[in-house]
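Here's the letter readout for the chains.
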Amino acid sequence: MMVNSTLSYFILGAYMHVGGLKYFYFMLTAMLYIVIVISNTSLIVVICMNRSLHEPMYLFLCSLFVNELYGSTGLFPSLLLQILSDIHTVSASFCYLQIFCLYSYANIEFTNLAIMSYDRYLAICFPLQYNTLMSSKKAVIFIIVIWLYSTGKVLINLSLNIRLKLCGNIINSLHCSNYLVVKLACSDTKVNNIYGLFSIFVSISIPLLPILFSYIKILKICFSGSEQTRQKAVSTCTPHLVSLLNFSFGCLFEILQSRFDMSRVSGVLRIILSLYFLLIQPLLNPIIYGLQMSKIRSTCKHLFCYKILAGQRDPM
């Protein structure tokens, strides 16, 4: 029977019956979400409250940490409810909202990482002119453009999906997926498929160009520059490269899983792959940037020691 775009709910078909273990998985997932929220929020507060960190690189990092909170909140509350529920349904409006959150998160993440690579290129290759080429005001403009561009692109995709007439409501995933909703359509999806492929191409190619350009230039400087220049490049580029590669692999897993038949892969592995870029990235970024970036690390130590000393001086 044909169901139109006013479909009231979707069924998430990837959840497995685990019996009493669902409470264990709920506690584990809740702990991971709490760690993500605390770690990212702490670094956002540190950057915002410390004037010495009001520099372009740290403003881009702040945008990155805000995006981790945004993407995690688009997934985890729903995931926690579904783990405890015996019937895995979501309303159509919430499903489209989740698609918007998760896909805009991915676009913002990759574009933000691309701008950060360009920022590192300017800092390493043009240290004397850096403050002119990349001021804090320019960094804020870049961040605003990143968020507007990414959310606008996903809104267009979503508007094309909402108009579709659907023949079913079972999504074989733990969360709502744009491509899996399109696959349920009875009506012509040619426009959706063309725009979907175009959107993937744009989402990858536009951020990839500044990333490749920046790192080619940085490598040239490293080979021809001084030891100090190489050390600066390694210290500032290592966390960025780790974050970029991790996120790229996570997105690749998600694209392959949604576009190709993964029935031969075990259900547990499919679940891990589908959650990889939404779980590991928000956990990884605060760790690698918090530990690797000396200025953030020293500021966190200073604040931690100050709170301990202040607590010891307070009368009981």
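J.: Whenever I open this one, the pattern of salt bridges confuses me. Can you help?
T.: Two side chains that carry opposite charge are able to pair once their charged atoms sit near each other. This structure, assessed with the given rule, holds two salt bridges. Residue D86 pairs with K22 through a salt bridge whose shortest N-O separation is 3.3 Å. Taken together, the positions of D86 in the loop between α2 (56-84) and β2 (89-91) and K22 in helix α1 (residues 21-49) put the pair 64 residues apart, joining distant regions of the chain. The exposure class of D86 is exposed, given its relative accessible area of 64%. Across the salt bridge formed by R120 and D119, the nearest N and O atoms sit 2.8 Å from each other. Looking at D119, the relative accessible area reads 1%, which means it is buried.

J.: Is there a simple way to explain the state of the cysteines in this structure?
T.: Going through the model one piece at a time under the given rule, you end up with two disulfides. For C95, the disulfide goes to C176, at an S-S distance of 2.1 Å. Because the sign of the S-S torsion sets the handedness, a value of about -125 degrees for the bond joining C95 and C176 places this disulfide among the left-handed ones. Remark: C176 occurs in the loop between β3 (170-171) and α6 (178-182) and C95 occurs in helix α3 (residues 92-125); sequence separation between them is 81 residues. Judged by its relative accessible area of 0%, C95 falls in the buried class. The exposure class assigned to C176 is buried, which follows from its relative accessible area of 0%. Note that C167 is cross-linked by a disulfide to C186, the S-S spacing being 1.2 Å.

J.: Sorry if this is basic, but what is going on with a nonpolar patch on the surface here?
T.: Nonpolar side chains collect at one region of the surface, where M16, V18, L21, F24, Y25, L28, V268, L269 and I272 lie side by side and expose about 800 Å² of accessible area between them. Of all the secondary-structure elements, those providing two or more residues to the nonpolar patch are α1 and α9 (267-292). The greatest single-element share of the nonpolar patch, amounting to four residues, is contributed by α1. Mapped onto the elements of the fold, V18 is located in the loop between β1 (9-12) and α1.

J.: How should the side chain of S214 be read in this particular structure?
T.: Position of S214 among the secondary structure elements: in helix α7 (residues 190-224). Here Y118 takes part through its backbone nitrogen, which lies 3.5 Å from a polar atom of the side chain of S214. Other than its neighbours up to four places away in sequence, S214 contacts S117, Y118 and Y121.

J.: It is not clear to me how α2 should be interpreted in this structure. Could you clarify?
T.: Given 3.6 residues per helical turn, the α-helix brings residues three or four places apart onto the same face. In this model, α2 (29 residues) spans 43 Å end to end at C-alpha, consistent with the 42 Å of a helix rising 1.5 Å per residue. Taken across its 29 residues, α2 has 23 buried, putting it largely inside the fold.

Calculation criteria
Residues numbered from 1 in each chain as written. Predicted model: local features only at pLDDT ≥ 70, side-chain atom pairs only at ≥ 80, totals over all residues. Heavy atoms only, no water. Salt bridge = Lys/Arg side-chain N within 4 Å of Asp/Glu carboxyl O. Helix = DSSP H or I, 4+ residues; strand = E, 2+ residues; numbered from the N terminus. Buried < 20%, exposed > 50% of the residue type's maximum accessible area, 1.4 Å probe, protein only. Disulfide = S-S within 2.5 Å. Patch = residues over 30% accessible without salt bridge, like charges linked within 9 Å, V, L, I, M, F, W, Y side chains within 5 Å. Areas by Shrake-Rupley, 256 points an atom, 1.4 Å probe, with all protein chains shown as cover. Polar contact = N/O pair within 3.5 Å; in protein donor to acceptor, adjacent residues only side chain to side chain. Contact = heavy atoms within 4.5 Å. Expected span 1.5 Å × (residues − 1).

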